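# Overview (structure and organization)
The lines below spell out each chain.
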Amino acid sequence: MLTHSKRIFVSNRLPFTANTKTQTLTRGSGGLVSALLGVNLEESFYWMGFETDSASARLLAEKSHEIQKNLICHPVLLSKEIYDTYYDGISNDLLWPLFHYETQLAVFNRENWDVYRQANAVMAEEILKVANEGDTVWIHDFHFLLLPKMLKEKNPHIKIGFFLHIPFPAAEIFRQLPVREEILRSLTACDLVGFHEHSYLRHFISCMKAFLGVDSTLFKAEVGNHTLNLGVYPISIDTEEFKRKAESPKVEKLSQSYRTQGTGQFKLLGIDRLDYTKGLELKLKGFQKALRMYPELVGKVSLLQVAVPTRLKVPLYGEIKKNLDQLVGAINGEFGTPDYVPVQYIFKSISEETLLALYRRADATLVTSKRDGMNLVAMEYVIAQDIQTPGVLILSEFTGAASLLPDALIINPWDAEMVAKSIHRSFTMPLEEKRQRMHNLQQTLMRYSASAWAEGFLADLEQHDAMIKKDCQT
Ligand code: G6P
């Protein structure tokens, strides 16, 4: 790589949020933030994302390098009106449900789509002010599906990588999108497109064939005279750092105090954004089924579900909250006693310390997503475990993580009986089996890291450029 070439990361959210009252920045907690900020880069790199408030944008641009020396945080201003349509109207109301197979929830509106395209064009324009020939632009996620083609058309010599953090759906689902060709034409303009999981890549390949007539091998497609590389790059968490924090005395003390609090000696845990894709109602129904099928669990097993508020402006998220409230009430009404509350339910964000302490105290963690690009909660739970007294991971087969973590109890969350049986199994599992499973899970995950994920993708993207140049010379 040429040392003077720039790297520009693009995502909807910047890695920090600004508080203009206190004039401070807070680092975001998402997986992408630890992955990209953890990349071992000597040179400065840019991170571009949208901001609707000019004072916050100024603060972000001025102060981010105080937190991360080599980061040039580049907020791109967008009017609130355009942002809301691009983010809620299309990203959250159309693309998110459709890519997660919730076809009946996906709302397509042509005017909104035009605004989404406009928002992508604003970002393209800003990137082109910074990016030159030979620079690398790495675009993240479904908020920017139209960006690759906009950039390539203006400057074909910028290296463009795109990573999709959510599933890429099967062609029979994707075909529902009235703008399917426009999206595919844009993505095929990239030099490298990456996914978390092989099935997502296969679906993308089927869509290129079905809707653009483009043939490809598993890792390469020739689109006109352009070579598109494809790959599978499962993201991870910052394993070393997470382990270190989980083992800190402060977390240990907190988790000990949690152990003795609450009801039920066997503690199940759920940590999810309150999103319909996470299958929270399936989790509660599975737990209810377990209490019905196995009376010996009643009074002994309790579930603590933390539901982190998200996308509150989308009405559907309010509805699923209502359903959940009712279900929690129904289960507690059916099985609760004055000294036993089967489900404890928290609807708020929790601090990282609390999260780690909850992971350490949990006897089992349940992930019941209906569809989930990867699911980092599963990974965090595994890494936070003390191998002497480990818990059990119960993991939906519909997560990207399931293909990496076969030593979890893999479940179909739609099968309430199967969820119930896995809860019972975790309750009765001998310590030796728990240790063996957790050991295997930890060994697997310690081979991955968030920064290695990012470095692997970037190496392939930049290597790709080198390969093309070599091909041209021979
Ligand atoms: C998923 C998406 C991310 C998104 C995150 C939180 O993980 O892949 O792009 O940032 O959800 O959603 P939000 O809408 O709050 O950014």
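Just so it is clear, the structure is predicted and the values come from calculations on it, not from any experiment.

The mixed open sheet is built from eight strands, whose spatial order is β5-β4-β1-β6-β7-β8-β10-β9. At either end of the open sheet lies a strand with only one pairing partner, and these are β5 (71-77) and β9 (220-223). Geometrically, the sheet is characterised by an average inter-axis angle of 20 degrees between neighbouring strands, direction not taken into account. The pairing of strand β8 (residues 192-195) with strand β10 (residues 226-232) spans four bridges and is classified as parallel. Counterpart to G194 in the pairing with β10 is G231. Contacting β4 (45-51) and β5, helix α2 (residues 54-67) crosses the sheet at an angle of about 170 degrees to β5. Those strands touched by helix α8 (residues 198-212) are β8, β9 and β10, and its axis lies near 150 degrees from that of β10.

Another aspect to go through is the packing of helix α13 (residues 352-361) against helix α14 (residues 376-384). Packing of α13 against α14 brings their axes to within 9 Å, and their N-to-C directions diverge by 70 degrees. Relative to α14, the element α13 is oriented roughly perpendicular. In terms of crossing hand, the pair formed by α13 and α14 is right-handed. Within the contact between the two elements, α13 uses L355, Y359 and R360 and α14 uses V377, E380, Y381 and A384.

Now for unusual backbone geometry. Positioned with a positive phi, Q23 is a non-glycine residue whose angle comes to about 55 degrees. The phi torsion at R311 lies on the positive side, around 45 degrees, for a residue other than glycine. Tracing the backbone shows R311 in the loop between β12 (301-308) and α12 (315-335).

Next up on the list: the pattern of salt bridges. Under the defined criterion, the tally for this structure stands at 30 salt bridges. The shortest N-O distance in the salt bridge between E462 and R7 comes to 2.6 Å. Taken as a pair, E462 in helix α17 (residues 450-473) and R7 in strand β1 (residues 7-10) lie far apart in primary sequence, 455 residues in all. The exposure class of E462 is buried, given its relative accessible area of 11%.

Cut-offs applied
Residues numbered from 1 in each chain as written. Predicted model: local features only at pLDDT ≥ 70, side-chain atom pairs only at ≥ 80, totals over all residues. Heavy atoms only, no water. Pairing = 2+ DSSP bridges. Helix = DSSP H or I, 4+ residues; strand = E, 2+ residues; numbered from the N terminus. Axes fitted to C-alpha atoms, helices over the stretch in contact; angles between N-to-C directions. Contact = heavy atoms within 4.5 Å. Parallel < 35°, antiparallel > 145°, perpendicular 65-115°, else oblique. Left-handed = near helix turned anticlockwise from the far one by under 90°. Salt bridge = Lys/Arg side-chain N within 4 Å of Asp/Glu carboxyl O. Buried < 20%, exposed > 50% of the residue type's maximum accessible area, 1.4 Å probe, protein only.

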